[in-house]
Amino acid sequence: MTRTADLVTAAVLLLVGLIVVGDSLRLGSGWGSDGPKSGFFPFWLGVLLLAVTAAIVVQAWRRGPGKTFVTREQLHPVLQVLWPAAAMVAATHVVGLYVAAAMYLAFYMRWVGHHRWLTVILVALAIPVVTFVVFEQWFLVPMPKGPLEAWLGY
Amino acid sequence: MGFENLLLGFHVAVTPFNLFVAVVGILLGTVIGVLPGLGGANGVAILLPLTFTMPPTSAIILLTSLYWGALFGGAITSILFNIPGEPWSVATTFDGYPLARQGQGGQALTAAFTSSFVGALFSIVLITLFAPLLAEIALRFGPPEFFAIQLLTFSSFVGLGGGNPLKSVVSILLGFILGAVGLDIVTGQLRMTFGITDLMKGFDFIVAVIGLFGIGEILLSVEEGLTFRGAATGMNLKVVLQTWKILPRYARTFVRGSFIGFWMGFKPGGATPASFMSYAFAKRFSRHPERFGKGELEGVVAPETAAHAAGVAAMLPMITLGIPGSPTAAVMLGGLIIWGLQPGPLLFTEKPDFVWGLIASMYTGNILGVLMVLAGVPFFAAILKIPFAILTPLIVVVCAIGAYAVHSSMIDVWYMVIFGVVGYVFKKLDYPLAPLVLALVLGDLAENALRQSLIMSQGSLTVFFTRPISCAITIVALFFLLMPLLTPWWRRLRGLPPASGAPAEA
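Just so it is clear, the structure is predicted and the values come from calculations on it, not from any experiment. (Residues numbered from 1 in each chain as written. Chains lettered and ligands numbered in written order. Predicted model: local features only at pLDDT ≥ 70, side-chain atom pairs only at ≥ 80, totals over all residues.)

## A look at the interface of chain A and chain B
- Contacts between the two partners involve 52 residues from chain A and, on the opposite side, 47 residues from chain B.
- Looking at the side of chain A that touches chain B, the elements with two or more residues in it are helix H1 (2–27), strand E2 (35–36), helix H2 (40–63), helix H3 (72–95), helix H4 (97–111) and helix H5 (117–138) of chain A.
- Of the residues assigned to the side of chain A that touches chain B, the class counts are 39 nonpolar, 11 polar and two charged. (Contact = placed C-beta atoms within 7 Å. Helix = DSSP H or I, 4+ residues; strand = E, 2+ residues; numbered from the N terminus. Nonpolar A, V, L, I, M, F, W, Y, C, P; charged D, E, K, R; others polar.)

See below:
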């Protein structure tokens, strides 16, 4: 339900507010020898966040449960994008961005799009190669590289 | 003297290299505007790292051209596919898509591009005239005035943004809080890092933009299970010329849309309400209001003129005050700092070639832009024929590259993923994202302005009311903040039904 999602989000925001206020009090939220202390600005941000989020909780509670926040059918494609994307980022640490991107593209195209293997391989190879040329060669913006690039001499 | 400066600007903007840069920018921008999940703001953010080695003027021309392209591109998807690429193109779909369904897509597109161009040109002329004046006034601003303007910036999101005002406030606060994480430059103390080294650098707003708008948007569009069912473009020279013959009929709508757009646009969050307002006015003053929503050309002209006028007007506070009016302008502002320029009123005296080059490039960019999109519609529409199983991972990869390139740091790519999830949830729960990004960008500036103001007054908040300019701005800001409370009361007083809020965010 949207209300549940609203309340969970508000709970997280309240937690953030408490952390901010706590840390600001540690730093000092008042007036120092040369003006407001480090914690002054964040302290009031945190206090306001707590107050406004509390109002949102009341509002959400009064409004009733609302419609379903996300159905199983809707969440499925979202997770299909999200988990492989997170896996790609994790893989980048090991094999570098270009190889990870190729793997991600190929996986998604085959798994979700059911494209032919030939299309999958061509696209998954072409895109990282083009990116490599544009970023590494033309604009000299280095991306994380792994063993494959090292083996190729980059 | 303004004219001489503009000539100087054209000297800068009309070099072969800068024109080439503008063409590339518009091309990429239109593609970005057409693609789901990539809008102006994160398109500019992703390309920002590529401009680090360019001269600043060419770099800003690339990014602004990208922005114009994205604005034009939004109209293509709205009209042909009924998918508003940006919130301010929502009103364009009302009549644009019906027109395209009736086989008059060419007419609708021509009208949209021409209106965009007219609206943009109107705002550019006003920027040319008023920017130097505003910069001159802003030179006399002290910290209280700057803080008051920041307050105005954020309160206009609350008052004018539509949607839930409480949630707008939360977005703003969250942006400021994220901006405060890391080293406090004034006292040298670490804030909210809890001993984690990675948090010391804080959160970069460019990464936030790519995550919130890029990844968040792509998650939303796969959730909706987008299938692109496009209407035929039906674009050719004959249609363009015929439409141009009809358009002068809507002169009043053009003028009204331009004024609404400029007036709403230089305040943050203004583009979306401007487009709806212009549409509503056009309908009210039309002799055939019943035709609106069924394929009335005027219903395309009105929102497009206003949205583009507003989109351009958002650049005005960025150039003159160093305060961006939209997430896209915020990313450009970040660019200025990276290129070693100090945004703000001093730019006009210290870097006139940059400022006037930028202003002149707005003219050239929009002229090139309207010609390119008119000629290139079939090409741009064909982009959406690429299967989504290729587009989706491609956009994710491009976002990851952009996020990494900002600081060459993998932690940023992880932040991008997290911001993506946050963006998805926030968008679903109606928390506006634009104020969060702007607060993240302006966090340090706002805090410093507040600190210095309070030091001036030894801790008393009255400092914002004792100086005339800051007092006036603060009162307007407070009025905007209280507007959500006042509006229902005002409507009841006049016996009007409660307002149905326009979609938030701009």
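That covers the picture; the talk isn't over yet.
## Thoughts on the domain arrangement of chain A
- According to the domain assignment, chain A contains domain 1 (2–63) and domain 2 (73–152).
- For domain 1 of chain A and domain 2 of chain A, the distance between their C-alpha centres works out to 39 Å. (Domains from an automatic or database assignment.)

## A look at helix H4 (residues 56–81) of chain B
All names here are of chain B.
- The end-to-end C-alpha distance of H4, which contains 26 residues, comes to 37 Å, matching closely the 38 Å that a straight helix rising 1.5 Å per residue would cover.
- H4 sits mainly inside the fold: 25 of its 26 residues count as buried.
- Two residues or fewer after H4 comes Asn82, characterised by a positive phi angle close to 60°. (Expected span 1.5 Å × (residues − 1). Buried ≥ 20, exposed ≤ 12 C-beta atoms within 10 Å, placed from the backbone.)

## Some thoughts on the environment of Ile323 of chain B
All names here are of chain B.
- Structurally, Ile323 can be placed in the loop between helix H13 (315–321) and helix H14 (327–338).
- Exposure remark for Ile323: the 24 C-beta atoms within 10 Å place this residue in the buried category.
- Residues Ile323 and Val222, spaced 101 residues apart in sequence, show a C-alpha to C-alpha distance of 34 Å.
- Those residues within four positions of Ile323 in sequence are excluded, and the remaining contacts are Ile149, Gln150, Thr153, Pro317, Met318 and Leu442.

## What about the nonpolar core?
- By size, the foremost hydrophobic cluster in this structure holds 220 residues, and its most contacted members are Val209, Met416 and Val437 of chain B.
- A domain split of this core shows at least three residues from each of domain 1 (2–63) and domain 2 (73–152) of chain A.
- The residues contacting Met416 of chain B, other than those within four sequence positions of it, are Val207, Ile210, Gly211, Ile215, Cys399, Ala400 and Ala403 of chain B. (Core = buried A, V, L, I, M, F, W, Y, C linked by C-beta atoms within 7 Å.)

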